[in-house]
Amino acid sequence: MDFVDARDDGGGRLVVRHRLHSPPGVIIVSTAVPGPGTLEIVARVLFGDDMAADAEEACEAFGVFFEQFDDRFGLYLIPEWLPTRENLRYRKAIRRLDKILERVFSQRRARGADSGDILSSLLRARGENGVGMSETQLRDEMMTLFFTGHETTALALAWTWYLLAQHPEAEAKLFEEVDRILAGRAPTVQDIPLLRYVDGVMKESLRLYPPAYGVVREALEDCEIGGY
Ligand code: HEM
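Residues numbered from 1 in each chain as written. Predicted model: local features only at pLDDT ≥ 70, side-chain atom pairs only at ≥ 80, totals over all residues.

Some details on the overall build of the protein chain
Quick reminder of the rule: Per the convention used, a helix needs a DSSP run of H or I reaching at least four residues, while a strand needs a run of E reaching at least two, with both numbered from the N terminus. Partly exposed residues are those falling between the two cut-offs: more than 12 but fewer than 20 other C-beta atoms within 10 Å of their own, whereas 20 or more means buried and 12 or fewer means exposed, with C-beta atoms placed from the backbone. Contact between residues is assigned whenever the C-beta positions, reconstructed from backbone atoms, fall within 7 Å.
Helix and strand counts for the protein chain come out as seven helices and three strands. The linear arrangement of helices and strands in the protein chain, starting from the amino end, is β-β-β-α-α-α-α-α-α-α. In the protein chain, which comprises 228 residues, the proportion classed as buried is 16%. Residue pairs in contact within the protein chain that sit at least 24 positions apart in sequence constitute 56% of those at least 6 positions apart.

Overview of the nonpolar core
Keep this limit in mind: To define a nonpolar core, we join buried Ala, Val, Leu, Ile, Met, Phe, Trp, Tyr and Cys residues through C-beta atoms within 7 Å and take the resulting set.
In this structure, Ala-43, Leu-46, Phe-47, Ala-58, Ala-61 and Leu-97 are the most contacted members of the largest nonpolar core, which totals 18 residues. Those elements that place two or more of their residues in this core are helix 1 (38-47), helix 2 (55-74), helix 3 (85-111) and helix 5 (135-166). Not counting the four nearest positions on each side in its chain, Leu-46 is found in contact with Asp-117, Ile-118, Leu-119, Met-142, Leu-145 and Phe-146. Counting five residues, the second largest nonpolar core, distinct from the first, contains Ala-154, Leu-155, Ala-158 and Trp-159.

Observations regarding the site of the ligand
Just so we agree on the cut-off: Here is the check we use: build the C-beta atom from the backbone, and if it is within 6 Å of the molecule or strand, call the residue near. Three classes are used: nonpolar for Ala, Val, Leu, Ile, Met, Phe, Trp, Tyr, Cys and Pro, charged for Asp, Glu, Lys and Arg, and polar for all others, with Gly counted as polar.
Taken together, Val-42, Thr-144, Leu-145, Thr-148, Gly-149, Thr-152, Thr-153, Ala-156, Pro-211, Ala-212 and Val-215 make up the full set of residues adjacent to the ligand. Tallying contributions element by element places helix 5 first for the shell around the ligand, with seven residues. Among the residues making up the shell around the ligand, the classes are represented as six nonpolar, five polar and no charged.

What about unusual backbone geometry?
Despite not being glycine, Ala-183 shows a phi value in the positive range, around 45°. Among the residues examined, Ala-183 registers 7 C-beta atoms within 10 Å and is labelled exposed.

Overview of helix 6 (residues 168-182)
Selection rule: Multiplying one less than the number of residues by 1.5 Å gives the expected span of a helix.
Look at helix 6: 21 Å from first C-alpha to last across 15 residues, which is about the 21 Å you get at 1.5 Å a residue. Ala-183 lies just past helix 6 and shows a positive phi near 45°.

Quick look at the packing of helix 5 against helix 7 (residues 196-208)
Cut-off, in case you're wondering: Angular values range over 0 to 180 degrees, each being the angle between N-to-C directions of two axes fitted as lines to C-alpha atoms, with helices fitted over their stretch in contact. Here is the rule for angles: anything less than 35 degrees is roughly parallel, anything more than 145 is roughly antiparallel, 65 through 115 is roughly perpendicular, and the remaining ranges are oblique.
Running from N to C, helix 5 and helix 7 cross one another at 105°; their axes reach a closest spacing of 9 Å. Classified by the angle their axes make, helix 5 and helix 7 are roughly perpendicular. When helix 5 is examined against helix 7, the residues Ala-156, Trp-159, Thr-160 and Leu-163 are found in contact with a partner set consisting of Val-201, Met-202, Ser-205 and Leu-206. The class makeup of the residues in the contact of helix 5 with helix 7 is six nonpolar, two polar and no charged.

Some thoughts on helix 5
Residue pairs three or four apart in sequence face the same way in an α-helix, which turns once every 3.6 residues. Look at helix 5: 47 Å from first C-alpha to last across 32 residues, which is about the 46 Å you get at 1.5 Å a residue. Among the residues making up helix 5, those that are buried are Met-142, Phe-146, His-150, Glu-151, Ala-154, Leu-155, Leu-157, Ala-158, Trp-159 and Thr-160.

Quick notes on the packing of helix 6 against helix 7
For clarity, the cut-off: What makes a crossing left-handed is the near helix being turned counterclockwise from the far one by less than a right angle; a clockwise turn instead makes it right-handed.
Viewed as axis vectors pointing N to C, helix 6 and helix 7 meet at an angle of 140°, and their least axial separation amounts to 8 Å. In terms of orientation, helix 6 and helix 7 fall into the oblique class. Where helix 6 crosses over helix 7, the two elements pack in a sense that is left-handed. Seen from helix 6, the contacting residues are Ala-170, Lys-173, Leu-174, Glu-177 and Val-178; seen from helix 7, they are Tyr-197, Val-198 and Val-201. A class-by-class count of the residues in the contact of helix 6 with helix 7 yields six nonpolar, no polar and two charged.

A word on the environment of Ala-212
If you trace the backbone, Ala-212 turns up in the segment after helix 7. A C-alpha to C-alpha distance of 9.1 Å links Ala-212 and Leu-155, two positions 57 residues apart in sequence.

Now the structure itself:
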């Protein structure tokens, strides 16, 4: 059985798909994850409450985007500019995400208040020349964070639940530590060093199933890496 993908459905449920070799097919495991899904969490960290109205549309567009993005890992021979059905769906998904970001940026600019999120920090940021970010820079930074912060975390959690389901003794230890240290409250940054077993479980899960297992780079000029 191979892992295919994992998405949160925006309603706090993690949907994990596995491919079966024998008999061939796909099985879907839907896990109720307490609290919000990873898209909602990352959206709140980046945009505060301003993304709430668009969360469903963003989730849908990201679904299409990730599907096409994953395929590109295996299909590098098909250039992005070719108007294939997949390329058109991919571009449409990016346009939908761009529209959502534009809406959020203009809302925030009109309100002008500092919401204590990443968008506020970037809007406040000034370069050495005292100039703020251009619209394109802001869009690129926020889109990168939205993209990198969502799927990676969803995948890491999906694999962790998958592994814990196979190792009930580790699962029991993990919940024992969480109950002992947090006693029912939500964790804070200060709790992280205390949750040592959780830390070990996450690291082992990341070691076995790294969500970002490959990163593509294009060299701009000749260079030597490790003697090659
Ligand atoms: C389990 C969770 C995560 C994993 C496994 C992960 C993994 C990675 C990896 C392997 C890279 C590439 C490093 C390289 O350049 O060689 C990367 C880059 C990056 N990650 Fe993460 N990440 C995670 C969560 C996040 C989150 C939550 C955010 C932000 C909200 C984030 C933001 C970024 C950014 C901005 C980059 C740089 C992208 C660039 O090259 O421009 N990541 N991450």
